[in-house]
Amino acid sequence: MQLLGYHLVPLSLVVIYPITFLTTYVLSRYYKHTPALPYISDTGVETPESCIFTFALSVAGSCLYIYINYKIIKSTLKSLKIINKIAAALGLTSSIGLVVVGSFQVSNVILCHVIGAAMTFLGGPIYMLIITYLYHSTNKSHNVNIHSKGLMAFRIALSSLMTCVLIWGFIATKQAWEYFDGDTMYSPFMWKETSNGIKWHTASVILEWITFIIYVCYIASTIPLYYNVDSLKTTMVMKHQLDYKSQNAQKSQIKDNVHINIDADFANYENISQNKDLYSSEK
């Protein structure tokens with residue numbers, strides 16, 4: 001069994017995300033910083049849990065996961081290149097949004113936090129839908145199923161469920177704030193059992209946690225795919241690098257110059273040796 005490989009990228013996300021959020025939740029409850037059922041981001045507002053929350057989300061930023069996924073699709077599916085690029089852009093947007101959520105706590109810079117959350121919870125589900133379609137297209141373009149039928153059915157179910165959860169989560173959040181009649185200064189404890197809209201708020205929180213679980217399950221479903229990645233190659237082109245023909249022309253010119261020097265001044269052995277060394281090094 002291969003211990004080190006690209007499958008460690010999704011595997012690390014599957015491990016880091018749950019451990020992070022469970023740790024910050026336990027700490028926030030221990031220090032009485034949150035109610036029993038908080039939003040995920042509420043568990044990372046106060047110290048020390050905020051430090052863990054920010055650090056872990058920054059480390060686990062899934063940009064590398066998105067990039068490798070893009071390269072996998074590119075190498076296994078010759079068509080739909082534009083859609084693959086759009087999916088990668090959405091995935092990166094969602095990943096950056098997650099880092100923004102961790103870096104800007106809701107109680108400190110709420111606008112940045114909300115923008116980051118929107119990037120994550122809107123870009124992520126759309127990315128899941130598109131990438132699932134690309135996986136399906138990859139299977140159709142090959143005689144061998146790169147993605148098993150069971151995993152494809154699982155991903156389709158997760159993507160569909162995510163869409164429903166996202167819609168209902170938006171509705172629940174909107175309704176909760178419309179009915180809320182308490183102090184608008186944000187705090188994890190601003191919602192009381194007697195607050196108007198508390199049921200909508202509870203539904204919104206539960207749906208957010210369900211969204212997180214779906215994310216982790218979907219990433220986990222790609223571990224077998226990443227396990228089969230043998231190598232990831234990139235091409236680097238320097239702006240000042242000469243093309244192959246130009247390099248050959250330069251070598252030929254140096255060679256001619258060496259012969260001219262030999263014929264013109266055979267007695268100057270030291271000078272000839274230097275030119276030969278130059279030619280050898282260039283060759």
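Residues numbered from 1 in each chain as written. Predicted model: local features only at pLDDT ≥ 70, side-chain atom pairs only at ≥ 80, totals over all residues. Heavy atoms only, no water.

### Quick look at the UniProt feature "transmembrane region" (unreviewed entry) in the protein chain
For step 1, the next point in the chain: Mapped onto the present numbering, the UniProt feature "transmembrane region" (unreviewed entry) falls at residues 7-31, 51-70, 82-104, 110-135, 156-177 and 209-229.
For step 2, the next point in the chain: In the segment residues 82-104, helix accounts for 96% and strand for 0%; the C-alpha atoms at its two ends are 33 Å apart. (UniProt positions renumbered as here; feature names shortened; annotations may be inferred. Helix = DSSP H or I, 4+ residues; strand = E, 2+ residues; numbered from the N terminus.)

### So, the confidence of the model for the protein chain
For step 1, the next point in the chain: For the protein chain, the average pLDDT comes to 78, and 76% of its residues sit at 70 or higher.
For step 2, the next point in the chain: Ranking the elements of the protein chain by mean pLDDT puts helix 9 (residues 244-264) last, at 45, and helix 7 (residues 198-221) first, at 92.
For step 3, the next point in the chain: Predicted confidence is poor over residues 278-283, with pLDDT under 50, and the contacts of this stretch with residues over four places away or in other chains come to eight contacts. (pLDDT = per-residue confidence, 0-100. Contact = heavy atoms within 4.5 Å.)

### Some points on a positive patch on the surface
For step 1, the next point in the chain: On the surface, Lys74, Lys78, Lys81 and Lys85 cluster together to form a positively charged patch.
For step 2, the next point in the chain: Position of Lys78 relative to the elements: it lies in the loop between helix 3 (63-76) and helix 4 (81-103). (Patch = residues over 30% accessible without salt bridge, like charges linked within 9 Å, V, L, I, M, F, W, Y side chains within 5 Å. Areas by Shrake-Rupley, 256 points an atom, 1.4 Å probe, with all protein chains shown as cover. Salt bridge = Lys/Arg side-chain N within 4 Å of Asp/Glu carboxyl O. Lys, Arg positive; Asp, Glu negative; His and termini not counted. Charge placed at Lys NZ, Arg CZ, Asp CG, Glu CD.)

### Topic: unusual backbone geometry
For step 1, the next point in the chain: Following Thr47, the chain continues into Pro48 via a peptide bond in cis, with omega recorded as 5 degrees.
For step 2, the next point in the chain: Tracing the backbone shows Pro48 in the loop between helix 1 (8-30) and helix 2 (49-59).
For step 3, the next point in the chain: Positive phi values are uncommon outside glycine, yet Lys32 reaches one of about 60 degrees.
For step 4, the next point in the chain: With respect to the helices and strands, Lys32 occurs in the loop between helix 1 and helix 2.
For step 5, the next point in the chain: The class of Lys32 is exposed, set by a relative accessible area of 67%.
For step 6, the next point in the chain: The phi dihedral of Leu80 is positive, around 60 degrees, even though this residue is not glycine.
For step 7, the next point in the chain: With respect to the helices and strands, the residue Leu80 is situated in the loop between helix 3 and helix 4. (Buried < 20%, exposed > 50% of the residue type's maximum accessible area, 1.4 Å probe, protein only.)

### A short note on the packing of aromatic side chains
For step 1, the next point in the chain: What the rule picks out here adds up to ten aromatic pairs.
For step 2, the next point in the chain: Ring centres 5.2 Å apart and planes at 5 degrees place the aromatic pair Tyr65 and Tyr226 in the stacked group. Taken together, the residues Tyr65 in helix 3 and Tyr226 in helix 8 (residues 223-227) connect sequence positions 161 residues apart. The pair formed by Tyr65 and Tyr226 is uniform in burial state, with each residue classed as buried.
For step 3, the next point in the chain: Three or more aromatic residues joined by ring pairs make a cluster, and in this case those are Tyr17, Phe21, Tyr25, Phe53, Trp209 and Phe212. (Phe/Tyr/Trp six-rings, centres within 6.5 Å; stacked < 30°, edge-to-face > 60°.)

### Digging into the packing of helix 1 against helix 7
For step 1, the next point in the chain: At a minimum axis separation of 8 Å, helix 1 and helix 7 run at an interaxial angle of 155 degrees. Considering the angle they form, helix 1 stands roughly antiparallel to helix 7. As helix 1 runs across helix 7, the sense of the crossing is left-handed. For the pair formed by helix 1 and helix 7, the contact residues are Pro10, Leu13, Val14, Tyr17, Pro18 and Phe21 on the first element and Trp209, Phe212, Val216, Ile219 and Ala220 on the second.
For step 2, the next point in the chain: Looking at the contact of helix 1 with helix 7 residue by residue, the classes come out as eleven nonpolar, no polar and no charged. (Axes fitted to C-alpha atoms, helices over the stretch in contact; angles between N-to-C directions. Parallel < 35°, antiparallel > 145°, perpendicular 65-115°, else oblique. Left-handed = near helix turned anticlockwise from the far one by under 90°. Nonpolar A, V, L, I, M, F, W, Y, C, P; charged D, E, K, R; others polar.)

### Structural notes on the side chain of Arg155
For step 1, the next point in the chain: Within the fold, Arg155 resides in helix 6 (residues 149-179).
For step 2, the next point in the chain: A distance of 2.7 Å separates a polar atom in the side chain of Arg155 from the backbone oxygen of Ser221.
For step 3, the next point in the chain: Apart from residues lying up to four places away in sequence, Arg155 is in contact with Thr132, Tyr135, His147, Tyr218, Ser221 and Thr222. (Polar contact = N/O pair within 3.5 Å; in protein donor to acceptor, adjacent residues only side chain to side chain.)

### Considerations on a nonpolar patch on the surface
For step 1, the next point in the chain: Residues Ile167, Trp168, Phe170, Ile171, Tyr179 and Trp200 make up a contiguous nonpolar surface patch of about 660 Å² in total accessible area.
For step 2, the next point in the chain: Tracing the chain through its elements places Trp168 in helix 6.

### Some thoughts on the packing of helix 6 against helix 7
For step 1, the next point in the chain: Relative orientation of the contacting elements helix 6 and helix 7 amounts to 160 degrees, with a least axis distance of 8 Å. When the axes of helix 6 and helix 7 are compared, the pair comes out roughly antiparallel. Regarding helix 6 and helix 7, the two cross each other, and that crossing is left-handed.
For step 2, the next point in the chain: Here the contact of helix 6 with helix 7 is composed, by residue class, of 19 nonpolar, eight polar and one charged.

### Topic: helix 3
For step 1, the next point in the chain: When the terminal C-alpha atoms of helix 3 are compared, their 20 Å separation across 14 residues agrees well with the 20 Å that a helix rising 1.5 Å per residue should span.
For step 2, the next point in the chain: Those residues of helix 3 lying buried are Tyr65, Ile66, Ile68, Asn69, Tyr70, Lys71, Ile72, Ile73 and Thr76.
For step 3, the next point in the chain: The inward-facing, buried residues of helix 3 abut helix 1, helix 4, helix 5 (110-140), helix 7 and helix 8. (Expected span 1.5 Å × (residues − 1).)

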